[in-house]
Amino acid sequence: MTTTTAAHLDPTVRHDLVYLFDVTDGNPNGDPDAGNRPRMDDESGHGLVTDVALKRKIRDTLALAAEDDPRYGIFVQAGHALNPRLEASYEATGLKLGTKITRDEADHARAWLCDRYVDIRLFGAVLSVGKTNALGQIRGPLQVTMARSIDPILPMDHAITRVTQTRQADIDKGETTEMGGKWTVPYGLYRAELYFSANHARKTGVDAKDLELLYRTLEMMFDHDRSATRGRLTARGLYVFSHPDAFGAAPAHRLTERITPRLVNPDVPPRNFGDYTVAVAEDALPAGVTLAKIID
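In this report, we go over the structure that sits alongside the text. (Residues numbered from 1 in each chain as written. Predicted model: local features only at pLDDT ≥ 70, side-chain atom pairs only at ≥ 80, totals over all residues. Heavy atoms only, no water.)

Regarding its fold elements, the protein chain presents 8 helices and 14 strands. Projected onto its principal axes, the C-alpha positions of the protein chain cover 70 × 60 × 40 Å. Per-residue burial over the protein chain gives 43% buried out of 296 residues. Excluding contacts between residues fewer than 6 apart, the proportion of contacts in the protein chain whose partners are at least 24 apart in sequence is 72%. Once the 36 positive and 41 negative side-chain charges of the protein chain are each reduced to a mean point, those two points are 4 Å apart. (Helix = DSSP H or I, 4+ residues; strand = E, 2+ residues; numbered from the N terminus. Buried < 20%, exposed > 50% of the residue type's maximum accessible area, 1.4 Å probe, protein only. Contact = heavy atoms within 4.5 Å. Lys, Arg positive; Asp, Glu negative; His and termini not counted. Charge placed at Lys NZ, Arg CZ, Asp CG, Glu CD.)

Put into structure tokens, the structure is as follows:
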């Protein structure tokens, strides 16, 4: 008996993804160079969330989804230096730090890292640091764009107070409160795109379980990253266009542009997801291309 892998879980073919999420009364990605103001395109007023911020959330949640599976370690992880983890690949594969190694030996060490860390398998990594310069870098199969809001946003700066002071001297002077500030976006619907290369996936060892957990992570990651600052972040759409082979049957933009969120009433500022409709053009897809609506 043979089993068939669903097209969107097949790591041997190309995938182009559209990901929609929204924020309500929160700051999805503050800019530290602007007093933590929500990131924006200053010319158009559209909100932005960096690819780095999205990948951070994916990293943090993938490990939770995989539970105790040793293949789902996270390489770029808070509180852990990268160099010792890279050096461990030498020890695990019988190599000696500081000695010249062959291309095959470097490939063996890179394969060990890919098998151990899911974020290297998906996103790649620069490995040529410290004593592991010979390892070069790994180009990951999954590329993530910055997310941009469908419509302009209007960030709000809220003055807040605290009932105690940071310094004892201020209390001694009779001060009873301390002022602060908090930025929020009343509402914004954001769109990001992800592109999966089967050719690079073959080199890093991505399998169907990696893709399954990636989709679960995109659906659930905001539930594991709650904070008062970020408000309510919610995944609203995940659409996966799968090609019939690794090369692909159509340019990515001709597929991703089939997902079109629009305001129901353009004259009224949006305040919830119900203010939008999402049109999905499923008809006349290029030959061999399929569409999986993971979140719809």
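Read on, since the account is not over.
We now examine the pattern of salt bridges. Enumeration according to the criterion identifies 20 salt bridges in this entry. With its nearest N and O atoms 2.9 Å apart, the salt bridge here joins Asp 22 to Arg 236. Separated by 214 residues along the polypeptide, Asp 22 in strand β1 (residues 15-26) and Arg 236 in strand β11 (residues 232-242) bring together distant segments of the chain. Given a relative accessible area of 0%, Asp 22 falls into the buried group. Under the relative-accessibility criterion, Arg 236 is labelled partly exposed at 22%. Salt bridges sharing common partners tie together Arg 71, Asp 115, Arg 121, Asp 207 and Asp 210. (Salt bridge = Lys/Arg side-chain N within 4 Å of Asp/Glu carboxyl O.)

This brings us to the environment of Ile 295. Looking at the element boundaries, Ile 295 is found in strand β14 (residues 290-295). C-alpha separation for the pair Ile 295 and Tyr 19, spaced 276 residues apart in sequence, amounts to 8.8 Å.

Turning our attention to the environment of Gln 165. Following the sequence through the fold, Gln 165 ends up in the loop between β9 (156-162) and α5 (168-172). Judged by its relative accessible area of 8%, Gln 165 is buried. Here the alpha-carbon distance between Gln 165 and Tyr 276, two residues 111 residues apart in the chain, equals 44 Å. Aside from chain neighbours lying at most four places away, what touches Gln 165 is Asp 170, Ile 171, Glu 175, Thr 176, Thr 177 and Glu 178.

As a packed pair, helix α1 (residues 51-66) and helix α7 (residues 208-220) sit with axes 9 Å apart at the nearest point and diverge in direction by 120°. Crossing hand, α1 versus α7: right-handed. Between α1 and α7, the residues in contact are Ile 58, Thr 61, Leu 62, Ala 65 and Ala 66 and Leu 213, Leu 214, Arg 216, Thr 217 and Leu 218, respectively. (Axes fitted to C-alpha atoms, helices over the stretch in contact; angles between N-to-C directions. Left-handed = near helix turned anticlockwise from the far one by under 90°.)

On to helix α2 (residues 82-92), then. Residues Arg 85, Leu 86, Ser 89 and Tyr 90 constitute the buried set of α2. The buried residues of α2 occupy an angular sector of 160° when the element is viewed end-on, so they sit on one face. Close packing links the buried residues of α2 with α3 (103-116). Of the residues trailing α2, Gly 94 is marked for its positive phi of about 75°. (Arc of directions from axis to C-beta.)

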